[in-house]
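Chain by chain, the residues run as shown.
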Amino acid sequence: MTRTADEEPGLSREAHVTAGGLGTLTAAIPGSAVLTPACEDGDALAAPDFEPDSPERTNLITPGTYGTRLLLTGHVYGEPGRPLPRVLLDFWHADYLGRYDLTGFRLRGHQFTSETGAFALSTVVPGLYPDRTRHLHLRVRHADGPLLTTQLFFPHEPRNQTDPKFHPDLVMTVQTGPTGRIATFDIVLPT
Ligand code: FE
């Protein structure tokens, strides 16, 4: 019998910042020199001259979008602690049943960080599809810097143990809020 965690986009109700305290935090924090690693998706579009076709929007929820609400917030930093404004962030992910929109822009969108380097994304928790653990895709580019193609992962996912693309430095901090999941992740770019 399939486990509930694999059927439903729900996650562990435990916050990531529990046992082990700060030692379990894998998201970069201000002052950290840990660069956000790449996590390629094998998409040939990830070229240095990449320009997003997706709509500019911070809310990917449109009529007919089902699933557990997910709010992701964070900052993009350059040199330790230096926030980077106007960084391009292009997000895309599967729907609650693990399906990508291959003909349109459902659950796809790009945005730019604020003057304080902040970003926020309103969407739903992506579903699972074969061979992969739960994840968001994103591309990040600051000014004329190199394009970073990576993925963000959810804590406490059973498939994190078996997905070869999983990276512990790309795990978001995720908590359960009154209206869904609340996630945070800070991105650090080489500058
Ligand atoms: Fe994917």
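Above this text is the structure in question.
Everything numeric here is computed off the predicted structure, so don't read it as measured data. (Residues numbered from 1 in each chain as written. Predicted model: local features only at pLDDT ≥ 70, side-chain atom pairs only at ≥ 80, totals over all residues.)

**Regarding the overall build of the protein**
If you tally the helices and strands in the protein, you get one helix and nine strands. Moving toward the C terminus, one meets the helices and strands of the protein in the order α-β-β-β-β-β-β-β-β-β. Burial statistics for the protein: of 191 residues in total, 36% are counted as buried. (Helix = DSSP H or I, 4+ residues; strand = E, 2+ residues; numbered from the N terminus. Buried ≥ 20, exposed ≤ 12 C-beta atoms within 10 Å, placed from the backbone.)

**Looking at the sheet that holds strand 5 (residues 135-141)**
Strand order in the open sheet formed by four strands is 3-2-5-6, with antiparallel pairing between adjacent strands. Since the sheet does not close on itself, it has two edges, and those belong to strand 3 (108-112) and strand 6 (148-153), each with one partner. Strand-to-strand twist of the sheet, defined as the mean angle between neighbouring strand axes without regard to direction, takes the value 25°. Pairing between strand 2 (residues 88-92) and strand 5: five bridges, direction antiparallel. Residue pairing for strand 5: phenylalanine 91 is matched across the bridge by leucine 138. (Pairing = 2+ DSSP bridges. Axes fitted to C-alpha atoms, helices over the stretch in contact; angles between N-to-C directions.)

**Regarding unusual backbone geometry**
Not every positive phi belongs to a glycine, and arginine 86 is a case in point at roughly 60°. Note that arginine 86 resides in the loop between strand 1 (69-77) and strand 2. Owing to 12 C-beta atoms within 10 Å, arginine 86 belongs among the exposed residues under this scheme. Despite not being glycine, histidine 156 shows a phi value in the positive range, around 65°. In this fold, histidine 156 is placed in the loop between strand 6 and strand 7 (173-177). Residue classification places histidine 156 among the partly exposed residues on the basis of 15 C-beta atoms within 10 Å.

**Remarks on the nonpolar core**
By size, the foremost hydrophobic cluster in this structure holds 32 residues, and its most contacted members are Val76, Leu89, Val140, Leu152, Met172 and Leu189. Elements represented by at least two residues in this core include exactly strand 1, strand 2, strand 4 (118-124), strand 5, strand 6 and strand 9 (187-188). (Core = buried A, V, L, I, M, F, W, Y, C linked by C-beta atoms within 7 Å.)

**Side note on the environment of threonine 184**
As for its placement among the helices and strands, threonine 184 is situated in strand 8 (residues 180-184). A residue is classified by how many C-beta atoms lie within 10 Å of it, and threonine 184, with 17 of them, is partly exposed. Residues threonine 184 and histidine 75, 109 residues apart in the sequence, show an inter-C-alpha distance of 8.9 Å.

**Examining the pairing of strand 8**
Both strand 1 and strand 8 contribute to a ladder of four bridges, which runs parallel. The residue bridging leucine 70 from the neighbouring strand is arginine 181, located in strand 8. Sheet topology places strand 7 next to strand 8; five bridges connect them, and they run antiparallel. Directly across from valine 174, in strand 8, lies its bridge partner alanine 183. The antiparallel pairing of strand 7 with strand 8 creates a hairpin that spans two residues between the two strands.

**Structural notes on the environment of threonine 73**
Its place among the elements puts threonine 73 in strand 1. Taking the C-beta count within 10 Å as the criterion, threonine 73 has 14 such neighbours and is therefore assigned partly exposed. Residues threonine 73 and alanine 183, spaced 110 residues apart in sequence, show a C-alpha to C-alpha distance of 6.4 Å. Residue contacts for threonine 73: discarding those within four places in its chain leaves Phe119, Ala120 and Thr184. (Contact = placed C-beta atoms within 7 Å.)

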